[in-house]
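Each chain is listed here by its residues.
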Amino acid sequence: MTENQDVDRLDKFVLDFGKLKNEISKVIVGQDQVVKEVLISVFSGGHCLLIGVPGLAKTLLVNTVSDTLGLSFNRIQFTPDLMPSDIIGSEILDEKRQFKFIKGPIFSNLILADEINRTPPKTQSALLEAMQEKSITNSGHSYKLDNPFFVLATQNPIEQEGTYPLPEAQLDRFMFNVVLDYPKYDEELKIVKQTINVSDHHNVDKVMKSEDILLYQDLIQRIPVTDNVIEYIVKLVSSTRPDSSYSDSIMKDYIDWGAGPRASQYMLIASKCHAAINGKYSPDIEDVKSIAKPILRHRLVKNYKAEAEGLSVDDIIDNLI
């Protein structure tokens, strides 16, 4: 593919991205930053963890994204009694008394892992291979998942009874940790009016299909990046580690564990996508700063001193960038 063709396709990607946001805004009022970050994770080939109190349309957002992208969609409600086989599938005896694998809901383009922290670690671990390798293993046999494949998980930050903290290995597999906040007054007014006026309910149009997503993912992977941006990314991630020569006194005082190399990899691809949606053909440091917070916030582990002084991870990242 020639350089001119890539430029033309990047220009088309900007238009298609705008159409996607417009379609989603028919259903999701406000939450522009959240929608943008979810779509960036999709076109970067990453997974997304959505954190917010009940009623902020987390599930509706995921449903709407799947409709606009023309993807197959499955919702898995994570509960304490959920088993790994309820996610990946299981083997049964068929009429010929042969074992036959029945695929679970994980075999879909877009998976909504609803309230992912309500299920025990044993079941959560069923997602580890799927999220990293895009495949699952059952009874010694490996099965490829659909392509493209995304996990969008939701989590309620308030209720902690009957929940299980996500293992660090699983948290690290999420490209973004997206925090949903309460809507503004005008936005909430519009939301309430939509619920009482049936005529205001919108059906979204399909803007893309899976082949388009794969094409754009490949295109974004091939966007060139200058050495100074790559060096900035690696130094930024290294500075989150308390024992690094790049970390400052705040990191050494308030952070127990920093981000690993996967954060650098995600930051590189996400900054490419952020540059592309803004009509740029190569990312700069501003693009890196724009996507740094959702990539780093679930990879930094605060210590007791930060807890005692009421410092949030976001406060620490703001100081970092």
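For the structure, see preceding data.
Residues numbered from 1 in each chain as written. Predicted model: local features only at pLDDT ≥ 70, side-chain atom pairs only at ≥ 80, totals over all residues. Heavy atoms only, no water.

(A) The arrangement of the nonpolar core in detail. Membership of the largest hydrophobic core comes to 64 residues, with the highest contact counts inside it found for Phe13, Phe43, Leu50, Leu61, Leu69, Phe176 and Met267. Here the element with the most residues in this core is helix H12 (residues 261-277); it accounts for eight residues. Ranked by size, the runner-up nonpolar core spans 25 residues in total, among them Leu49, Phe107, Ile111 and Phe149. (Core = buried A, V, L, I, M, F, W, Y, C linked by side-chain atoms within 4.5 Å. Buried < 20%, exposed > 50% of the residue type's maximum accessible area, 1.4 Å probe, protein only. Helix = DSSP H or I, 4+ residues; strand = E, 2+ residues; numbered from the N terminus.)

(B) Inspection of the side chain of Ser66 at higher detail. Structurally, Ser66 is set in helix H3 (residues 58-69). A polar contact of 2.7 Å, which involves the side chain of Ser66, links it to the backbone oxygen of Asn63. Ignoring any residue separated from it by four or fewer positions in sequence, one finds Ser66 in contact with Leu71, Phe73 and Leu110. (Polar contact = N/O pair within 3.5 Å; in protein donor to acceptor, adjacent residues only side chain to side chain. Contact = heavy atoms within 4.5 Å.)

(C) The layout of surface pockets, seen in detail. Quantified by volume, the largest pocket comes out at close to 580 Å³. If you go around the largest pocket, you meet 23 residues; those closest to its centre are Ile51, Asn177, Arg297, His298 and Val313. Counting only elements with at least two residues in the lining of the largest pocket, the list comes to strand E1 (47-51), helix H7 (168-171), strand E9 (174-179), strand E11 (301-302) and helix H15 (313-320). The residue makeup of the lining of the largest pocket, split by class, is eleven nonpolar, eight polar and four charged. (1 Å grid on protein atoms, 1.4 Å probe; cavity = no way out; pocket = protein on both sides within 12 Å on 5 of 7 lines; lining within 4 Å. Points joined across faces, edges and corners; volume = space filled by probe spheres on them. Nonpolar A, V, L, I, M, F, W, Y, C, P; charged D, E, K, R; others polar.)

(D) Structural detail: the packing of helix H2 (residues 32-43) against H3. Closest axis-to-axis distance for the H2/H3 pair is 12 Å, and the angle between their directions is 50°. The orientation of H2 relative to H3 falls into the category oblique. For the pair H2 and H3, the sense of crossing is right-handed. Residues Val34, Val35, Val38, Leu39, Val42 and Phe43 of H2 form the contact with H3, whose participating residues are Leu61, Val65 and Leu69. (Axes fitted to C-alpha atoms, helices over the stretch in contact; angles between N-to-C directions. Parallel < 35°, antiparallel > 145°, perpendicular 65-115°, else oblique. Left-handed = near helix turned anticlockwise from the far one by under 90°.)

(E) Layout of H12. End to end, H12 covers 25 Å across 17 residues, agreeing with the expected 24 Å (1.5 Å per residue, within 8%). Buried residues dominate H12, accounting for 14 of its 17 residues. (Expected span 1.5 Å × (residues − 1).)

(F) Highlighting the pairing of strand E6 (residues 135-138). Where E6 meets strand E7 (residues 141-144), four bridges bridge the pair, whose relative direction is antiparallel. Bridged to Thr137 within E7 is Ser142. The turn linking E6 back onto E7 is made up of two residues, and Ser139 within it adopts a positive phi angle of 50°. (Pairing = 2+ DSSP bridges.)

(G) Layout of unusual backbone geometry. Here the bond from Asn147 into Pro148 is cis, since omega is 5°, no more than 30 degrees from zero. Structurally, the position occupied by Pro148 is in the loop between E7 and strand E8 (150-155). Even without being a glycine, Glu115 presents a positive backbone phi close to 50°. Structurally, Glu115 can be placed in the loop between strand E5 (110-114) and helix H5 (121-124).

(H) Quick look at the packing of aromatic side chains. The final tally for this structure, using the stated rule, is five aromatic pairs. For the ring pair Phe13 and Phe43, a centre distance of 5.0 Å and an interplane angle of 80° mean the geometry is edge-to-face. Highlighted residues: Phe13 in helix H1 (residues 3-25) and Phe43 in helix H2, separated in sequence by 30 residues. The buried category is assigned to Phe13, whose relative accessible area is 0%. Members of the aromatic cluster, joined through ring pairs, are Phe13, Phe17, Phe43 and Tyr216. (Phe/Tyr/Trp six-rings, centres within 6.5 Å; stacked < 30°, edge-to-face > 60°.)

(I) Focus on the pattern of salt bridges. Applying the stated criterion across every chain, the model contains ten salt bridges. Note that Asp287 is salt-bridged to Lys280, the shortest N-O span being 2.8 Å. Linked through salt bridges whose partners overlap, the residues forming this network are Asp172, Arg262 and Arg299. (Salt bridge = Lys/Arg side-chain N within 4 Å of Asp/Glu carboxyl O.)

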